[in-house]
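Close look at the chain arrangement
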Amino acid sequence: MTGVSVGILVFPGSNCEYDVASVLDNLGIKTKFIWHRQTDLDGVSGLVLPGGFAHGDYLRPGAIARFSPVMTSVVEFARSGRPVLGICNGFQILTEAGLLPGALQKNAMLKFLCKEVELEVVSAASCATTLIQTGKRLRLPINHFEGNYTCDSNTLDDLESNNQVVLRYVENPNGSMNSIAGISSKKGNVVGMMPHPERACDDLLGSVDGLEIVKSYVANL
Amino acid sequence: MKFRAKVQVWLRHGVADPEGHTVSEAINALGYPGVTDVRMGKIVSMTIVAESREAASHRVFEIATSLLSNPVLEDVIVELEEA
């Protein structure tokens, strides 16, 4: 994987960028932090939008981040078919930016959720699940207030029929439509998910299931 | 011309409003009768200088729909008065 590097976007308020970097580093992948004011993506082969609270989640999660200077290049990068993975707040930013359809609203019952959940891999056609067998169950942590995926019924039909639902909760924790935990763009190169695979890549953290997602992503670089 | 604009952001009908629901339950718990349909929204106010009322209104509406609200979830109401 010489010469291959992953750009990890950093907004004011991002807080999972070092976790993502550490996991990729352990897999021998070079990472570069890309500050949100940068407009040049520095020749990276893939992008990760990490979790956190970009711009304080003011207005709505992702609402202000979507207008950060870097996002014009991110949209171009995504349109070119290269892998873009948004985790948690990164997923929220991707929907606000229009790179993924729908939106993430407050969890049903107004509960902030921070726990490990069971997920089913629904599609292997996305850049984050290429190496995983459809139907496989993974245990990953979730950590969010706004993870309740919603969209209009036409969009939902499209997502289901185009194989764009990537991950589903086995037990719906947040009221998400069709128990959706992660989706992809039509081409599969842009993926957003609420669970944190980067926090489940070491036995010490209770699960290594996240590695399957990270390794799939790396295989697409 | 100078205007004072007020943008109201409301969750669209049919979108779950857990805050409104929770506040509604609190109102009921306090014992006030006859209160239903409690909804929570946001108000954003701003001063804007523009060449005409139409131009100001157009600009504020654009801000309201691109940044202040997410059309998947929310509706906006824009009010404008000369400052």
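Up top is the structure.
Presented here is an overview of the structure given in this document.

About the cut-offs
- Residues numbered from 1 in each chain as written.
- Chains lettered and ligands numbered in written order.
- Predicted model: local features only at pLDDT ≥ 70, side-chain atom pairs only at ≥ 80, totals over all residues.
- Helix = DSSP H or I, 4+ residues; strand = E, 2+ residues; numbered from the N terminus.
- Rg over C-alpha atoms; globule rule 2.2 N^0.38 Å.
- Buried ≥ 20, exposed ≤ 12 C-beta atoms within 10 Å, placed from the backbone.
- Contact = placed C-beta atoms within 7 Å.
- Pairing = 2+ DSSP bridges.
- Axes fitted to C-alpha atoms, helices over the stretch in contact; angles between N-to-C directions.

1. Observations regarding the overall build of chain B
For chain B, the helix and strand inventory stands at 2 helices and 3 strands. For chain B, the succession of helices and strands along the chain, N to C, is β-α-β-α-β. Scaling as 2.2 N^0.38, a compact globule of 83 residues should have a C-alpha radius of gyration of about 12 Å, whereas chain B reaches 16 Å, well beyond that. With the C-alpha coordinates aligned to their principal axes, the bounding extent of chain B is approximately 50 × 25 × 15 Å. Per-residue burial for chain B yields a buried fraction of 16% across its 83 residues.

2. A look at the environment of G62 of chain A
All names here are of chain A. Within the fold, G62 resides in the loop between β3 (46-49) and α2 (70-79). Note on G62: 27 C-beta atoms within 10 Å, which makes it buried. When the C-alpha positions of G62 and G210 are compared, they lie 24 Å apart, and in sequence the two are 148 residues distant. Discounting residues that sit within four places of it in the chain, G62 has contacts with A54, N89, Q92, I93, T95 and E96.

3. Comments concerning the sheet that holds strand β3 (residues 74-82) of chain B
All names here are of chain B. The strand order β2-β1-β3 describes an open sheet built from 3 strands, whose pairing is antiparallel. Looking along the sheet, the strands with just one partner apiece sit at the ends: β2 (41-49) and β3. With direction set aside, neighbouring strand axes in the sheet form an average angle of 20 degrees. Sheet topology places strand β1 (residues 2-11) next to β3; 9 bridges connect them, and they run antiparallel. When the sheet's bridge partners are listed, K6 is paired in β3 with E79. Sitting on the sheet, helix α2 (residues 53-68) touches β1, β2 and β3, and the angle it makes with β3 is about 150 degrees.

4. Brief notes about the sheet that holds strand β1 (residues 5-10) of chain A
Residue and element names in this part refer to chain A. Here we have 9 strands laid out as an open sheet, ordered β2-β1-β3-β4-β11-β10-β9-β6-β7, and mixed in their pairing. Two strands in the sheet have a free side with no partner beyond their single neighbour: β2 (30-35) and β7 (137-144). Looking at each pair of strands side by side, their axes are set apart by 25 degrees on average, direction ignored. For strand β6 (residues 113-121) and β7, the ladder comprises 8 bridges, and the chain directions are antiparallel. Residue pairing in the sheet places E120 in a bridge with R137 of β7. Packed on one face of the sheet, helix α1 (residues 17-26) meets β1, β2 and β3 and runs near 170 degrees to β1.

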